[in-house]
Amino acid sequence: MKIVLITGMSGTGKTAVIRELAARGHDTRDLDTPEWSEWVDAAPGDDLTPGEGQDWVWREDRLDALLDAPRHRALFLSGTSESMGRFLPRIDVVILLSAPVETLLERLAARSDGYGRTAEERRKVAELVALIEPLLRESADHEIDTRRPVADTVDEILRLT
């Protein structure tokens, strides 16, 4: 069965989309949670990280086990990690969620919890969009603009997969 990765920058709607897919009965995992990701010290000079001197990376052993497990239906994953390239050969479809930077910053500022609530985190997101999103676009099979309702985005994801 297919493995679908839904990726994108902070504020693009990955969490909302994966929750909607789960609500519709699909097998899902939000990789941007402490169960699947952790903060690690970044390499000296690595400026492509969300935190000062720290990076939020997938727990590779857990993801390896998940991807190796037998499955009888499609698996939808959401998240973005510097280490995701290692997993791309095992993923059937990569969908990039995107939106204009202004939209992302508005969404992040409205969050009640999670990454992007502080002005410094939003400044970093704006910086990273310019640097990271083009790299994500290169590995994506499809790109979806998430300025529309979440249900419409999920409908398109299901149509594409």
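Let me sum up the structure you'll find in this document. (Residues numbered from 1 in each chain as written. Predicted model: local features only at pLDDT ≥ 70, side-chain atom pairs only at ≥ 80, totals over all residues. Heavy atoms only, no water.)

What follows concerns the pattern of salt bridges. If you walk through the whole model with that rule in mind, you get 17 salt bridges. The residue Asp155 makes a salt bridge to Arg24 at a minimum N-O spacing of 2.7 Å. A residue pair is termed long-range when its members are at least 10 positions apart, and Asp155 in helix H5 (residues 150-160) and Arg24 in the loop between helix H1 (14-23) and strand E2 (27-30) qualify at 131 residues. Of the charged contacts in the structure, one is a salt bridge between Glu156 and Arg159, with a shortest N-O distance of 3.7 Å. One end of the pair is Glu156 and the other is Arg159, both in helix H5 and three residues apart, which spans about a single turn. Here Arg159 falls in the exposed class, since its relative accessible area comes to 61%. Each of Glu60, Asp64, Asp68, Arg86 and Arg90 takes part in salt bridges that share partners, so that together they form one network. (Salt bridge = Lys/Arg side-chain N within 4 Å of Asp/Glu carboxyl O. Helix = DSSP H or I, 4+ residues; strand = E, 2+ residues; numbered from the N terminus. Buried < 20%, exposed > 50% of the residue type's maximum accessible area, 1.4 Å probe, protein only.)

This part takes up the environment of Leu21. Structurally, the position occupied by Leu21 is in helix H1. Beyond its immediate chain neighbours, meaning those up to four positions away, Leu21 contacts Ile6, His26, Thr28, Phe76, Val154 and Leu158. (Contact = heavy atoms within 4.5 Å.)

Now for the packing of H1 against H5. Axis separation between H1 and H5 bottoms out at 9 Å; the angle between their running directions is 70°. Taken together, the axes of H1 and H5 are roughly perpendicular relative to one another. By crossing handedness, the relation of H1 to H5 is classed as right-handed. Of the residues in H5, those touching H1 at Ala16, Val17, Glu20 and Leu21 are Val150, Thr153, Val154, Ile157 and Leu158. Considering only residue class, the contact of H1 with H5 consists of seven nonpolar, one polar and one charged. (Axes fitted to C-alpha atoms, helices over the stretch in contact; angles between N-to-C directions. Parallel < 35°, antiparallel > 145°, perpendicular 65-115°, else oblique. Left-handed = near helix turned anticlockwise from the far one by under 90°. Nonpolar A, V, L, I, M, F, W, Y, C, P; charged D, E, K, R; others polar.)

Glancing now at the pairing of strand E6 (residues 93-98). Here E6 lies mainly inside the structure; six of its six residues are buried. Summarising the sheet, strand E1 (residues 3-8) and E6 pair through five bridges and their orientation is parallel. By the bridge assignment for E6, Val4 is matched with Val93. Sheet topology places E6 next to strand E7 (residues 142-145); four bridges connect them, and they run parallel. Bridge pairing in E7 links Leu97 to Ile144. (Pairing = 2+ DSSP bridges.)

The set of residues buried in helix H2 (residues 60-68) consists of Leu63, Asp64, Leu66 and Leu67. Down the axis, H2 shows its buried residues gathered within 165° of arc, on one side only. Exposed residues pointing more than 90 degrees away from the buried face of H2 are listed as Asp61 and Asp68. Lining the buried residues of H2 we find E1, E2, strand E4 (54-58) and strand E5 (75-78). (Arc of directions from axis to C-beta.)

Moving on: the sheet that holds E2. What links the strands of a sheet is backbone hydrogen bonding, and the strands pair in either a parallel or an antiparallel sense. Taken in spatial order, the five strands line up as E2-E5-E1-E6-E7 in an open sheet, and their pairing is parallel. Each edge of the open sheet is held by one strand with a lone partner, namely E2 and E7. Averaged over all pairs of adjacent strands, the angle between their axes in this sheet comes to 20°, without regard to strand direction. Relative to E5, E2 is paired through four bridges, and the arrangement is parallel. Bridged to Arg29 within E5 is Leu77. Sheet strands in contact with H5 are E1, E5, E6 and E7, and its direction is about 165° off that of E7.

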